[in-house]
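# Analysis of the macromolecular model
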Amino acid sequence: MALKCGIVGLPNVGKSTLFNCLSSAKAQAANFPFCTIEPNVGVITVPDERLTRLAEIVHPGRIVPATCEIVDIAGLVKGASKGEGLGNKFLGNIRETDAIIHVLRCFDDDNVVREGGAPVNPVEDKEIIDTELQLKDLETIEGQLAKTQKAAAAGNKDEKVKAAVLQAYKEVLEQGKNARSVTFETKDEQKVAHDLFLLTAKPVLYVCNVDEASAKDGNEYSRKIEEIAKAEGAEAMVIAAKTEEDIASLETYEDKQMFLEELGLEESGVNRLIKKAYALLNLETFITAGEMEVKAWTYHKGWKAPQCAGVIHTDFEKGFIRAEVIKYDDYIQYGSEAAVREAGKMGIEGKDYVVQDGDIMHFRFNV
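In short, a report on the structure.

Conventions we followed
Residues numbered from 1 in each chain as written. Predicted model: local features only at pLDDT ≥ 70, side-chain atom pairs only at ≥ 80, totals over all residues. Heavy atoms only, no water. Core = buried A, V, L, I, M, F, W, Y, C linked by side-chain atoms within 4.5 Å. Buried < 20%, exposed > 50% of the residue type's maximum accessible area, 1.4 Å probe, protein only. Contact = heavy atoms within 4.5 Å. Pairing = 2+ DSSP bridges. Helix = DSSP H or I, 4+ residues; strand = E, 2+ residues; numbered from the N terminus. Axes fitted to C-alpha atoms, helices over the stretch in contact; angles between N-to-C directions. 1 Å grid on protein atoms, 1.4 Å probe; cavity = no way out; pocket = protein on both sides within 12 Å on 5 of 7 lines; lining within 4 Å. Points joined across faces, edges and corners; volume = space filled by probe spheres on them. Nonpolar A, V, L, I, M, F, W, Y, C, P; charged D, E, K, R; others polar. Salt bridge = Lys/Arg side-chain N within 4 Å of Asp/Glu carboxyl O. Phe/Tyr/Trp six-rings, centres within 6.5 Å; stacked < 30°, edge-to-face > 60°.

### What about the nonpolar core?
Here is a general trend for soluble globular proteins: nonpolar side chains tend to be buried in one another's company. Judged by nonpolar contacts, the single largest core of 73 residues is most densely connected at Leu-22, Ile-70, Val-207 and Leu-273. Apart from residues no more than four positions distant in its own chain, Val-207 is found in contact with Leu-18, Ile-101, His-102, Val-103, Leu-104, Met-237, Ile-239 and Leu-273. Core analysis: the next-biggest nonpolar cluster, separate from the first, contains 15 residues, Ile-141, Val-165, Val-172 and Val-182 among them.

And the structure:
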């Protein structure tokens, strides 16, 4: 189960620089719009120090971390919803992602020109992209609403549910709000809402791209965005993309850590961003550990043992008998699976067990 995030933002806000930090793929970074014509795609690993610690104990043949797919989508402009710039194509690329990483310029630099030569204004930048995505969603809604309402009036129950969902979305979008601000109570409504694949219904992480001096605590620009994100119930974080690029270019782990310490940071912004993006969709990790490999497996928070078994193989879920579960801290404390068993710390769990992040799992099944 791979997470797919799309990086969006206006031209020259640092999207491609950030993408270059996230991925070994190198997007073209230039001080003019549309330097990223085709979406660049990078598959990156989700940082998880637990895998390294377990590998030191188990000595596996390989370590397999969870992955996240990042898509660098070329800069949107005002009017993108009506095809301005390369808008329609870019909006289509966003529709295919699970979550949006919205990069906002929160730094001053006379050498990097904001569109139209206007002063730096991340709040206005955010509103421009929000508006374009909202207009595209409204177009999607209006394209279906009349037909759906007609079928609903004829007595079709499914179409009545869909009409209610479309109408609810239409009302908030016309108010200049995002579709994710609407919540639905019934499973039928939630399914209809999901199947619409609205752009502004996707979870969003606002990334405030700041200068190096603001890498730790942010600045007045980023604080405004953090306030807005909090009011929306969205996530926001601060990152200095150019500085992250410098850190990524260093060869040794020690040099990178020394650079981070000089900035007063415990962890790179890139690592923090990937973890936040991973958590944005309520995704967690369970682990399998053996001589062949130590591997991270992605699952949705709240899933039970049989569902997680199915992540490995559908047969595991179909023939699920039980799950043998070791808590990560216990594995580290006792130093081996055998020692955990002897200490009576291995849990034998059935179909109703809700898997916890970091659980080390072994599934018993019979097909």
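### Quick look at the sheet that holds strand β4 (residues 67–72)
On the basis of which strands lie adjacent, the open sheet formed by six strands has the order β2-β4-β1-β5-β6-β7 and mixed pairing. Looking at the sheet topology across the chains shown, the edges are occupied by β2 (40–45) and β7 (235–239). Each strand of the sheet is rotated relative to its neighbour by a mean of 25°, with strand direction disregarded. Strand direction decides the pairing type here: strand β6 (residues 204–209) and β7, joined by five bridges, are parallel. Residue pairing in the sheet places Leu-205 in a bridge with Glu-235 of β7. Seen against the sheet, helix α10 (residues 269–280) touches β1 (3–8), β2, β5 (99–105), β6 and β7 and runs at an angle of roughly 170° to β7.

### Here we look at empty space enclosed by the protein
Picture a little ball the size of a water molecule; that probe, rolled over the atoms, points out where space is still empty. Tallied over the full model, the rule gives two cavities of 30 Å³ or more. What the largest cavity holds in volume is close to 60 Å³. Forming the walls of the largest cavity are Ile-100, His-102, Ile-129, Asp-130, Leu-133, Asn-178, Arg-180, Leu-199, Thr-200 and Val-204. Residues of the lining of the largest cavity, tallied by class, amount to five nonpolar, three polar and two charged.

### Brief notes about the environment of Gly-310
Summarising the element assignment, Gly-310 is placed in helix α11 (residues 305–312). The buried category is assigned to Gly-310, whose relative accessible area is 19%. Distance from Gly-310 to Phe-320, taken between C-alpha atoms, is 9.0 Å for residues 10 residues apart in sequence.

### Quick word on the pattern of salt bridges
Under the counting rule described, the total for this entry stands at 21 salt bridges. For the salt bridge of Lys-276 with Glu-235, the shortest nitrogen-to-oxygen distance reads 3.1 Å. Highlighted residues: Lys-276 in helix α10 and Glu-235 in strand β7, separated in sequence by 41 residues. By relative accessible area, which is 32% here, Lys-276 ends up partly exposed. The residue Lys-275 makes a salt bridge to Glu-267 at a minimum N-O spacing of 2.7 Å. What you see here is one network of salt bridges that share partners, running through Arg-322, Glu-324, Glu-337, Arg-341 and Arg-364.

### Comments concerning the packing of aromatic side chains
Counting across every chain of the model gives six aromatic pairs. A centroid spacing of 6.3 Å and a plane angle of 15° characterise the contact between Phe-286 and Trp-297, whose relative ring orientation is stacked. Here Trp-297 lies in strand β9 (residues 293–300) and Phe-286 lies in strand β8 (residues 283–289), a separation of 11 residues in the sequence. The pair formed by Phe-286 and Trp-297 is uniform in burial state, with each residue classed as buried.

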